[in-house]
Amino acid sequence: MSKYRVVVVGCGGMARVWVEYMLKREDSVITALVDIKTEFAQAMADRYGLTCGVFTNLEQAIQETEANLVLDITIPDSHFQVCTTGLRLGCNVFGEKPMAATMAEAREIVQLAERTGKSLSVMQNRRYLANIRAMRDLITAGTIGRVGYVGADFFIGAHFGGFRDAMDSPLILDMAIHTFDQARFITGADPVSVYCQEFNPPGSWYAGNASAICIYEMSDGSVFCYRGSWCAEGMPTSWESAWRVTGEQGSVLWDGESAPYAEIVTAGDQTGKFIRDCTRVEADVNWTGSSGHAGCLDEMFLALEQGRPAETDCRDNIKSMAMVLGAIESAKLGQKVDLRDYWR
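Here the structure is a predicted model, which is why all the values come from computation and not from measurement. (Residues numbered from 1 in each chain as written. Predicted model: local features only at pLDDT ≥ 70, side-chain atom pairs only at ≥ 80, totals over all residues. Heavy atoms only, no water.)

### Description of the overall build of the protein chain
Right, on to step 1. A count of helices and strands for the protein chain gives 10 helices and 15 strands.
Right, on to step 2. Relative to the compact-globule value of 20 Å for 344 residues, the protein chain shows a C-alpha radius of gyration of 21 Å, a close match.
Right, on to step 3. Its C-alpha atoms give the protein chain principal-axis dimensions of about 75 × 45 × 40 Å.
Right, on to step 4. Among the 344 residues that make up the protein chain, the fraction classed as buried is 51%.
Right, on to step 5. Expressed as a percentage of contacts within the protein chain between residues at least 6 apart in sequence, the contacts between residues at least 24 apart total 69%. (Helix = DSSP H or I, 4+ residues; strand = E, 2+ residues; numbered from the N terminus. Rg over C-alpha atoms; globule rule 2.2 N^0.38 Å. Buried < 20%, exposed > 50% of the residue type's maximum accessible area, 1.4 Å probe, protein only. Contact = heavy atoms within 4.5 Å.)

So this is what it looks like as structure tokens:
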């Protein structure tokens, strides 16, 4: 019998990425496909030649197949029910972001994971890129000294159509958690407070606010500033954002696509110089892990093997979720919001 007996919940387009990854693992077998529409689950089974069970009820699927791992690839509003059902029935859970639709649900999931001794690991695939890991290494090695400012710009004119066009906060709710989580990842700091202004600029094809500026105070004393828009035509940034991090002795730049680099104050006496000379420091891009979803899933499985929380375990990821929901609350109130009570 395979070590991991897997139930896939949610058989839409994104599930294909997860299923294709699972089919490459020798230690895992998909025992069930679950979807509220039987035909979706059956179509997934047919697509990949799977002979597993097809269900509309997760609890029944777990019990009948003796599963021990649930993959939650459902819509955000379903994450709480799927995750808590899996945890309650003795399964670990790997799930798509966000971990839940509300902070109350997220806190309850964390508490249930603690009580059951099981885990929910959340998909934050944009941590698993060689260049962002090289950027983090530059910063954590002390190359630019103590960090004071982190800035990320995200400007893309994304014509999705569908549900995003009708959302109240499409940018922050559906996309910004990636950048917020990346900011935490590269600095190792947690959010303390946020002030956010959402707006919908002229020319926007979204019903809700497709642009935002967020200012976060972080636990290391630094400030993280996010500027973003999903209706910015022309000169797009990368999907990974464009980054500037400044520290005591220099700065790091990353355009989200090419390798990051730093410029630090050149050694030696520069007394009296108005603008000091700086020396460029190239990042060491040496991470050999898989990229994107595969890299995050590799880490989730490795964490289970080693009996430790994954990098994106729910107890950590709730802090990135707090940055999202806190920003929306700040925009509604028109004032700074303390985030520490969100995730503690």
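### Here's the deal with the sheet that holds strand β9 (residues 211-218)
Right, on to step 1. Strand order in the open sheet made by the 9 strands is β14-β13-β12-β11-β7-β10-β9-β8-β15, with mixed pairing throughout. Every other strand in the sheet has two partners, leaving β14 (278-282) and β15 (337-338) as the edge strands with one partner each.
Right, on to step 2. Direction of pairing for strand β13 (residues 261-265) relative to β14: antiparallel, over a ladder of 5 bridges. By the bridge assignment, Tyr261 is partnered in β14 with Glu282.
Right, on to step 3. Strand contacts of helix α7 (residues 170-187): β7 (147-155), β8 (191-199), β9, β10 (223-229) and β11 (242-247), with the helix running at about 150 degrees to β10, the strand carrying the most contacts.
Right, on to step 4. Strands β8, β9, β10 and β15 of the sheet are contacted by helix α9 (residues 314-333), whose axis makes an angle of about 50 degrees with β8. (Pairing = 2+ DSSP bridges. Axes fitted to C-alpha atoms, helices over the stretch in contact; angles between N-to-C directions.)

### Details of the packing of helix α4 (residues 76-88) against helix α5 (residues 103-116)
Right, on to step 1. Contact geometry for α4 and α5: axes closest at 10 Å, N-to-C directions at 10 degrees. The orientation of α4 relative to α5 falls into the category roughly parallel. Packed against α4, whose contacting residues are Phe80, Cys83, Thr84, Leu87 and Arg88, the element α5 presents Glu105, Glu108, Ile109, Leu112, Ala113 and Thr116 at the interface.
Right, on to step 2. Tallied by class, residues from the contact of α4 with α5 come to 6 nonpolar, 2 polar and 3 charged. (Parallel < 35°, antiparallel > 145°, perpendicular 65-115°, else oblique. Nonpolar A, V, L, I, M, F, W, Y, C, P; charged D, E, K, R; others polar.)

### A closer look at the nonpolar core
Right, on to step 1. Met99, Cys214, Tyr216 and Phe224 are the most contacted members of the largest nonpolar core, which totals 79 residues.
Right, on to step 2. When neighbours within four sequence positions are excluded, Cys214 is seen to be in contact with Ile172, Phe180, Val194, Tyr195, Cys196, Phe224, Cys225, Tyr226 and Ala327.
Right, on to step 3. Cys11, Leu69, Tyr128 and Leu297 belong to the second largest nonpolar core, which has 27 residues in total. (Core = buried A, V, L, I, M, F, W, Y, C linked by side-chain atoms within 4.5 Å.)

### Here's the deal with the sheet that holds strand β1 (residues 4-9)
Right, on to step 1. Pairing within the open sheet is parallel, and its 6 strands lie in the order β3-β2-β1-β4-β5-β6. In this open sheet, the two strands that pair with only one neighbour each are β3 (53-55) and β6 (120-122). Across the sheet, the mean angle from the axis of one strand to that of its neighbour is 25 degrees, orientation sign disregarded.
Right, on to step 2. The pairing of strand β2 (residues 28-34) with β3 spans 3 bridges and is classified as parallel. Across the sheet, residue Leu33 finds its bridge partner in β3, namely Val54.
Right, on to step 3. Packing against the sheet, helix α3 (residues 58-65) makes contact with β1, β2, β3 and β4 (69-72), and its axis sits at approximately 160 degrees to β1.
Right, on to step 4. Packed on one face of the sheet, α4 meets β1, β4, β5 (92-95) and β6 and runs near 175 degrees to β4.

### So, the pairing of β7
Two faces belong to every sheet, and in a regular strand the side chains alternate between them.
Right, on to step 1. Both β7 and β11 contribute to a ladder of 6 bridges, which runs antiparallel. Bridge assignment links Val147 to a residue of β11, and that residue is Gly247.
Right, on to step 2. With 7 bridges connecting them, β7 and β10 associate as parallel partners. Each residue of the ladder has a partner; that of Phe155, found in β10, is Ser229.

### Here we look at α5
Right, on to step 1. The first and last C-alpha atoms of α5 sit 20 Å apart over 14 residues, in line with the 20 Å expected at 1.5 Å per residue.
Right, on to step 2. All of the buried residues along α5 are Met103, Ala106, Ile109, Val110, Leu112 and Ala113.
Right, on to step 3. Summarising the contacts, the buried residues of α5 are in contact with α4, β6, α9 and α10 (340-343).
Right, on to step 4. Taken from the residues just after α5, Gly117 is the one with a positive phi, measuring 75 degrees. (Expected span 1.5 Å × (residues − 1).)

### Let's talk about the environment of Met300
Right, on to step 1. Looking at the element boundaries, Met300 is found in helix α8 (residues 292-306).
Right, on to step 2. For the pair formed by Met300 and Asp313, sequence separation is 13 residues and the distance between their alpha carbons is 8.4 Å.
Right, on to step 3. With residues up to four places along the chain from it excluded, the contact list for Met300 reads Phe94, Ser121, Val122, Met123, Ala310 and Thr312.

### Comments concerning the side chain of Asp190
Right, on to step 1. Residue placement: Asp190 occurs in the loop between α7 and β8.
Right, on to step 2. Given the relative accessible area of 16%, Asp190 is considered buried.
Right, on to step 3. A polar contact of 3.4 Å, which involves the side chain of Asp190, links it to the side chain of Arg184.
Right, on to step 4. Side-chain polar atoms of Asp190 contact the side chain of Lys319, separated by 3.2 Å.
Right, on to step 5. Non-local contacts of Asp190, meaning those with residues more than four positions away in its chain, are made with Arg184, Glu217, Met218, Ser219, Lys319 and Trp343. (Polar contact = N/O pair within 3.5 Å; in protein donor to acceptor, adjacent residues only side chain to side chain.)

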